Amino acid sequence: METKMNIDWANLGFGYLKTDYRFVSNYKDGRWDDGELTTDATITLNESAGVLQYAQTCFEGLKAYRTADGHVVCFRPDLNAKRMADSCRRLEMPVYPEEKFVEAIEKVVKANLDYVPPYGTGATLYLRPYMFGSNNVIGVKPAEEYQFRIFATPVGPYFKGGAKPITVRISDFDRAAPHGTGHIKAGLNYAMSLHAIVDAHKQGFNENIYLDPATRTKIEETGGANIIFVTKDNKVITPKSNTILPSITRRSLMYVAEHYLGLQAEEREVRLDEVKDFKECALCGTAAVLSPVGKIVDHGKEILLPSGMNEMGEITRKLYDTLTGIQMGRIEAPDGWIKVIS
Ligand SMILES: *Cc1c(COP(=O)(O)O)cnc(C)c1O
């Protein structure tokens with residue numbers, strides 16, 4: 001099915017473009033209402049709303065897109081539902097029921113079907129579920145009323161003209177405290193990363209790699225993506241830590257490495273001082289799937305990955321092609337990974 005929208009899909013950036021419908025559900029007196037689609041993109045809040053005063057908010061991110069055989073699908077939305085429930089529990093927010101979360105995703109995509117980019121453009125319909133404390137609080141405590149919303153916005157291909165390896169620095173800032181909120185998708189984790197990323201860009205780096213906050217000797221992740229490494233004997237390694245956000249892309253890639261590519265895949269602690277021995281490195285998350293890293297700079301000391309600054313490493317490429325092939329319906333998916341919407 002073709003879309004009738006007059007949008008230049010291939011040249012769309014990663015920005016907000018208002019679509020027709022969004023889903024809204026309100027929590028009041030201890031229960032969620034049925035929720036509904038609305039055309040109103042504006043939120044009116046009391047000046048003392050919990051989200052405005054104490055940042056009581058969390059979010060998710062996933063995509064809807066067209067597959068090779070013409071369906072509109074989402075990739076593992078049940079995992080977004082579960083992760084959001086985990087985020088809510090940690091922030092003392094009411095969980096939005098997981099099945100209803102997936103149903104609401106389906107409603108938003110169906111209502112905005114014309115905004116799902118055509119297959120082959122690399123563009124997708126990005127979905128942003130989120131929740132926030134909506135009633136007024138002034139003493140520090142959880143809000144009593146909440147709003148859960150999902151909006152959709154079409155986004156362009158993450159890499160225009162191929163995925164160029166990026167340069168990242170080891171950050172002097174921390175993104176998460178030990179026993180803090182690094183493992184949940186809270187807006188507050190992003191607020192405190194903004195200074196670090198603006199500074200990184202000023203210094204000529206694409207991203208920050210954060211170290212474990214307790215010892216600053218182990219690799220964690222970047223501000224918005226998990227990290228994978230490939231060893232010289234083709235083992236796929238990802239850092240294990242309870243202050244890392246459990247990326248759905250990363251969990252899927254580790255499965256693909258093991259079950260589709262026959263590689264050993266291991267989640268374990270990764271020391272900064274062993275990074276020089278790896279042959280490939282990449283960032284992973286919903287937006288780009290995989291973003292190859294060519295160079296890691298640790299306070300002036302440059303670590304050049306053998307895969308270089310021109311193209312993705314061989315294993316990174318295989319992982320990328322296989323996972324995007326599964327997502328786009330060109331390769332058979334494991335049970336339950338693809339949710340067909342229409
Ligand atoms: C969202 C996010 C990721 C990526 O998760 P995906 O589920 O793969 O999109 C990684 N790290 C952080 C800090 C995130 O917020």
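What you see is a predicted model, and the numbers here were worked out from it, not measured in a lab.

This paragraph deals with the site of the ligand. In the vicinity of the ligand there are 15 residues, among which Lys185, Tyr190, Ser247, Thr249 and Thr286 approach most closely. Glu221 is positioned with one of its side-chain polar atoms (N or O) 2.6 Å from a nitrogen atom of the ligand. Within the contact set of the ligand, an oxygen atom lies 2.6 Å away from a side-chain nitrogen or oxygen of Thr249. For the ligand, the accessible surface in isolation is 380 Å², of which the surrounding protein chains cover 96%. The residue inventory of the shell around the ligand, partitioned by class, reads four nonpolar, seven polar and four charged.

Another aspect to go through is the side chain of Ser247. If you trace the backbone, Ser247 turns up in the loop between strand S12 (236–239) and helix H6 (248–259). Among the polar contacts listed, one links the side chain of Ser247 to the backbone nitrogen of Arg250, at a separation of 2.9 Å. Setting aside residues no more than four positions away along its own chain, Ser247 makes contact with Arg83, Asn226, Cys284 and Gly285.

The subject of this paragraph is the domain arrangement of the protein chain. Split by domain assignment, the protein chain resolves into domain 1 (9–155) and domain 2 (166–327). Relative placement of domain 1 and domain 2: their C-alpha centres are 26 Å apart. Each side of the interface is counted separately: domain 1 has 21 residues, and domain 2 has 20 residues. Summed over both sides, the interface between domain 1 and domain 2 buries roughly 1600 Å², with carbon and sulfur atoms accounting for 65% of that surface. Counting every contact that joins domain 1 to domain 2 gives zero salt bridges. Elements that contribute at least two residues to the side of domain 1 that touches domain 2 include exactly strand S4 (57–59), strand S5 (62–66), strand S6 (72–75) and helix H2 (77–90). Tallying contributions element by element places H2 first for the side of domain 1 that touches domain 2, with six residues. Tallied by class, residues from the side of domain 1 that touches domain 2 come to ten nonpolar, five polar and six charged.

Below, the discussion takes up the packing of aromatic side chains. Here the structure, examined in full by the defined rule, presents 16 aromatic pairs. With 6.2 Å between their ring centres and 70° between their planes, Phe23 and Phe148 make a pair best called edge-to-face. Of the two residues, Phe23 sits in strand S1 (residues 22–28) while Phe148 sits in strand S8 (residues 146–155), which places them 125 residues apart along the sequence. Residues Tyr27 and Tyr146 carry aromatic rings whose centres are separated by 6.0 Å and whose planes lie at 65° to one another, so their mutual orientation is edge-to-face. Within this pair, whereas Tyr27 is found in strand S1, its partner Tyr146 is found in strand S8, the two being separated by 119 residues in sequence. This pair shows no difference in class: Tyr27 is buried, exactly as Tyr146 is.

Before going further, it helps to spend a moment on the packing of H2 against helix H3 (residues 98–111). Put simply, H2 and H3 touch, their axes get as near as 9 Å, and they point 130° apart. As the angle between them shows, H2 and H3 are arranged oblique. As H2 runs across H3, the sense of the crossing is right-handed. Counted together, Pro77, Asp78, Asn80, Ala81, Lys82, Met84 and Ala85 of H2 and Glu98, Phe101 and Val102 of H3 form the full contact between these two elements. Looking at side-chain class alone, the contact of H2 with H3 contains six nonpolar, one polar and three charged residues.

Applying the stated criterion across every chain yields a total of 18 salt bridges. Linking Arg169 and Asp199 is a salt bridge whose minimum nitrogen-to-oxygen distance equals 3.1 Å. Of this pair, Arg169 sits in strand S9 (residues 166–170) while Asp199 is found in helix H5 (residues 194–202), placing the two residues 30 residues apart along the sequence. Glu314 serves as the salt-bridge partner of Lys318, at 3.4 Å between the closest nitrogen and oxygen. With Lys318 and Glu314 both in helix H7 (residues 314–327), this residue pair falls four residues apart, about one helical turn. The exposure class of Glu314 is partly exposed, given its relative accessible area of 48%. One salt-bridge network, in which partners are shared between bridges, spans Lys82, Asp86 and Arg89.

Rules of the game
Residues numbered from 1 in each chain as written. Predicted model: local features only at pLDDT ≥ 70, side-chain atom pairs only at ≥ 80, totals over all residues. Heavy atoms only, no water. Near = heavy atom within 4 Å. Polar contact = N/O pair within 3.5 Å; in protein donor to acceptor, adjacent residues only side chain to side chain. Areas by Shrake-Rupley, 256 points an atom, 1.4 Å probe, with all protein chains shown as cover. Nonpolar A, V, L, I, M, F, W, Y, C, P; charged D, E, K, R; others polar. Helix = DSSP H or I, 4+ residues; strand = E, 2+ residues; numbered from the N terminus. Contact = heavy atoms within 4.5 Å. Domains from an automatic or database assignment. Buried area = accessible area lost by both parts, 1.4 Å probe. Salt bridge = Lys/Arg side-chain N within 4 Å of Asp/Glu carboxyl O. Phe/Tyr/Trp six-rings, centres within 6.5 Å; stacked < 30°, edge-to-face > 60°. Buried < 20%, exposed > 50% of the residue type's maximum accessible area, 1.4 Å probe, protein only. Axes fitted to C-alpha atoms, helices over the stretch in contact; angles between N-to-C directions. Parallel < 35°, antiparallel > 145°, perpendicular 65-115°, else oblique. Left-handed = near helix turned anticlockwise from the far one by under 90°.

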